[in-house]
Amino acid sequence: MSKWFSTPQSMVFTRLAGKLSSVTFAVAIALNLSMNPSLAGDPFRTSEPHQIGDKTEAAFKAIFEQGDYPAAERYLKEALSSEPDEPLAYAMRASLAYMKKDKSALDTYSKKTLETGQKLIASDELRGNLYTAVGNFFEGAVILTREGTVKGAPQALSRLRQVYQYLDKAEAISPRDPELNLIKGYMDLMLAVSLPFANPDEAIARLQTNAAPQYLANRGIALAYRDMKQYSQALDYVNRALEGTSNNPELYYLKAQILKEQGQKQNSQQLIQEAIANFDKALSKKSQLPSGLVKQIQSERGGAVNRLAEVGR
């Protein structure tokens, strides 16, 4: 990991934070040790499952399976009251605050994510270390948001080092744990596609072989291939993700982005038309999405329409 820290400091953390917020789930994943097993559920493990509170689990599914943010907000409000020791709830709240550029909420829920992660180490060393890493990541994002990339870079870099220190501790406990590999796989991919000397193959293999749930692993790999401009592979993996979560409008948005870039590269009207159709699928559920994301989708759709006219000349 040390070679990553020789790059311009603010660039590394800013890119990682920005990419992470755009998909809103890489650091928003954890499990709850609920006192009531009847409310338990584990979206990561098929054997030896951990427990998650029912409201937190419902919020998780609302965001990552359905792409329904208003429903997730309602569930999270209940979860913070009934499941106050669950780091997933705070991590999701912090992630949503980052999307909305709500600095106060980001600061509050970043601290809560870190606190609950640290507290959990005593009873669940694997997950405690994992979510202490997640909390430190968000704290770094808070620093850059508050101080700016130049002034905040030294503190943010220190937080990024702590992120990987705690991830390494978690990996030493259970290197094949699906929850760990999902989060670490996303973080490693985001760094790998941002830095010219980094190789994403190991991170992709991590997501392919050990991460779960599979639809989130496939989504992460699709994002990575999109950023690497390997559009055929990106399209393959976004289609795999859609097989598991076909009602999520964010996946149609991702597919539209991939098709648009592929169409521009190949000067193909058909691919750009398919991209526009997928932008429209995403926008058909715009009431489920944050307003800023809806505006972004609409803007990119407009760009695809303009590009289609240019190709048709």
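In this text the structure is predicted, and so the values were computed from the model without any measurement. All residue numbers here refer to positions counted from 1 along the written sequence of the relevant chain. Local features in this predicted model are restricted to residues whose pLDDT is 70 or higher, and side-chain atom pairs enter the listing and the counts only when it is 80 or higher, whereas totals over whole chains, interfaces and linings include all residues. Only heavy atoms go into the side-chain values, all of them from the structure, while hydrogens and water stay out.

Colleague: Looking at this model, I keep getting lost on helix H13 (residues 269-283). Mind explaining?
Modeller: Under the DSSP-based scheme used, a helix requires at least four consecutive residues in state H or I and a strand at least two consecutive residues in state E, with every element numbered from the N terminus. One fewer than the residue count of a helix, multiplied by 1.5 Å, yields its expected span. Given a rise of 1.5 Å per residue, 15 residues ought to cover 21 Å, and the 21 Å separating the end C-alpha atoms of H13 matches this to within 8%. A 1.4 Å probe rolled over the protein chains alone gives each residue an accessible area, and that area as a share of the maximum for its type sets the label: buried under 20%, exposed over 50%, partly exposed in between. The set of residues buried in H13 consists of Leu-271, Ile-272, Ala-275, Ile-276, Asn-278, Phe-279, Ala-282 and Leu-283. Down the axis of H13, the sector holding all buried residues measures 165°, keeping them to one side. Buried positions along H13 lie against helix H12 (249-266) and helix H14 (291-311). Polar contacts, as used here, are pairs of N or O atoms within 3.5 Å; protein pairs need one atom able to donate a hydrogen and one able to accept it. Residues neighboring in sequence count only if both atoms are side-chain atoms. Sitting at the amino-terminal end of H13 is Ser-268, which places a side-chain oxygen 3.5 Å from the backbone nitrogen of Gln-270. By definition, the arc is the one covered by directions from the helix axis to the C-beta atoms. Any two residues whose heavy atoms approach within 4.5 Å at even a single point are treated as in contact.

Colleague: Just checking my understanding: could you explain the nonpolar core for this structure?
Modeller: Nonpolar side chains in soluble globular proteins tend to be buried together. Residues belong to a common nonpolar core when they are buried Ala, Val, Leu, Ile, Met, Phe, Trp, Tyr or Cys residues joined through side-chain atoms within 4.5 Å. In terms of nonpolar packing, the biggest core is built from 59 residues, with Phe-60, Met-92, Leu-182, Leu-207 and Ile-297 touching the most fellow members. With eight residues, helix H10 (residues 214-227) is the largest single contributor of residues to this core. Residues contacting Leu-207, with those up to four places away along its chain left out, are Asn-181, Leu-182, Gly-185, Tyr-186, Leu-189, Gln-214, Ala-217, Gly-220 and Ile-221. Listed in part, the 28 residues of the second largest apolar core include Tyr-90, Ala-91, Ala-97 and Ala-133.

Colleague: It is not clear to me how the packing of H10 against helix H11 (residues 231-244) should be interpreted in this structure. Could you clarify?
Modeller: For any two helices packed against each other, one specifies the inter-axial angle together with the distance between the axes. To get an axis, fit a line to the C-alpha atoms, keeping to the stretch in contact for a helix; angles then go from 0 to 180 degrees between the N-to-C directions. The contact between H10 and H11 brings their axes to 8 Å, and the two run at 160°. With respect to each other, H10 and H11 are oriented roughly antiparallel. Here the hand of the crossing between H10 and H11 comes out left-handed. Contacts between H10 and H11 involve Tyr-215, Asn-218, Arg-219, Ile-221, Ala-222, Tyr-225 and Arg-226 on the former and, on the latter, Tyr-231, Gln-233, Ala-234, Tyr-237, Val-238, Arg-240 and Ala-241. For this classification, the nonpolar set comprises Ala, Val, Leu, Ile, Met, Phe, Trp, Tyr, Cys and Pro, the charged set comprises Asp, Glu, Lys and Arg, and every other residue, Gly included, is treated as polar. For the contact of H10 with H11, the class distribution of residues is nine nonpolar, two polar and three charged. Should an angle fall under 35 degrees it is taken as roughly parallel, and over 145 as roughly antiparallel, whereas 65 to 115 is taken as roughly perpendicular and any remaining angle as oblique. Note on convention: the crossing is left-handed when the near helix lies turned anticlockwise from the far helix by less than a right angle, right-handed when the turn is clockwise.

Colleague: What's the story with unusual backbone geometry in this structure? I'm lost.
Modeller: Most peptide bonds adopt trans geometry, and most residues besides glycine take a negative phi value. Here the amide bond leading from Ala-212 into Pro-213 is cis, since omega sits at 0°, within 30 degrees of zero. As for its position among the elements, Pro-213 is in the loop between helix H9 (201-210) and H10. Although it is not a glycine, Lys-101 sits at a positive phi angle of roughly 60°. A residue is classified by how much of its surface remains accessible, and Lys-101, at 73% relative accessible area, is exposed.

Colleague: Teacher, can you tell me more about the packing of aromatic side chains here?
Modeller: Both the distance between ring centres and the angle between the ring planes are used here to describe each pair of aromatic rings. Pairs were defined over the aromatic rings of Phe, Tyr and Trp, the Trp ring being its six-membered one, requiring ring centres within 6.5 Å. Orientation was assigned from the angle between planes: stacked under 30 degrees, edge-to-face over 60, tilted for the rest. Taken as a whole and judged by the stated rule, the model has five aromatic pairs. A ring pair is formed by Phe-60 and Phe-64, whose centres lie 4.7 Å apart and whose planes are at 75°; its orientation type is edge-to-face. Of this pair, Phe-60 and Phe-64 are both found in helix H2 (residues 54-64), four residues apart, which corresponds to roughly one turn of the helix. On the basis of relative accessible area, Phe-64 is assigned to the buried category, the value being 1%. Pairing Tyr-90 with Tyr-109 gives two aromatic rings, centres 6.5 Å apart and planes at 25°, and the pair type is stacked.

Colleague: Hey, could you run me through the pattern of salt bridges in this one?
Modeller: Two side chains bearing opposite charge may form a pair once their charged atoms approach each other closely. Any carboxyl oxygen of Asp or Glu within 4 Å of a side-chain nitrogen of Lys or Arg constitutes a salt bridge here. Tallied over the full model, the rule gives 21 salt bridges. Among the ionic pairs, Arg-206 bridges to Glu-171, the shortest N-O distance being 3.1 Å. Taken as a pair, Arg-206 in helix H9 and Glu-171 in helix H7 (residues 149-173) lie far apart in primary sequence, 35 residues in all. Taking the relative accessible area as the measure of exposure, Arg-206 reaches 10% and is therefore buried. Between Asp-280 and Arg-301 there is a salt bridge, with its nearest N and O atoms 2.5 Å apart. With Asp-280 in helix H13 and Arg-301 in helix H14, this pair connects stretches of sequence that are 21 residues apart. Residue classification places Asp-280 among the partly exposed positions, given a relative accessible area of 33%. Because the salt bridges share partners, they merge into one network encompassing Glu-86, Asp-124, Arg-127 and Glu-179.

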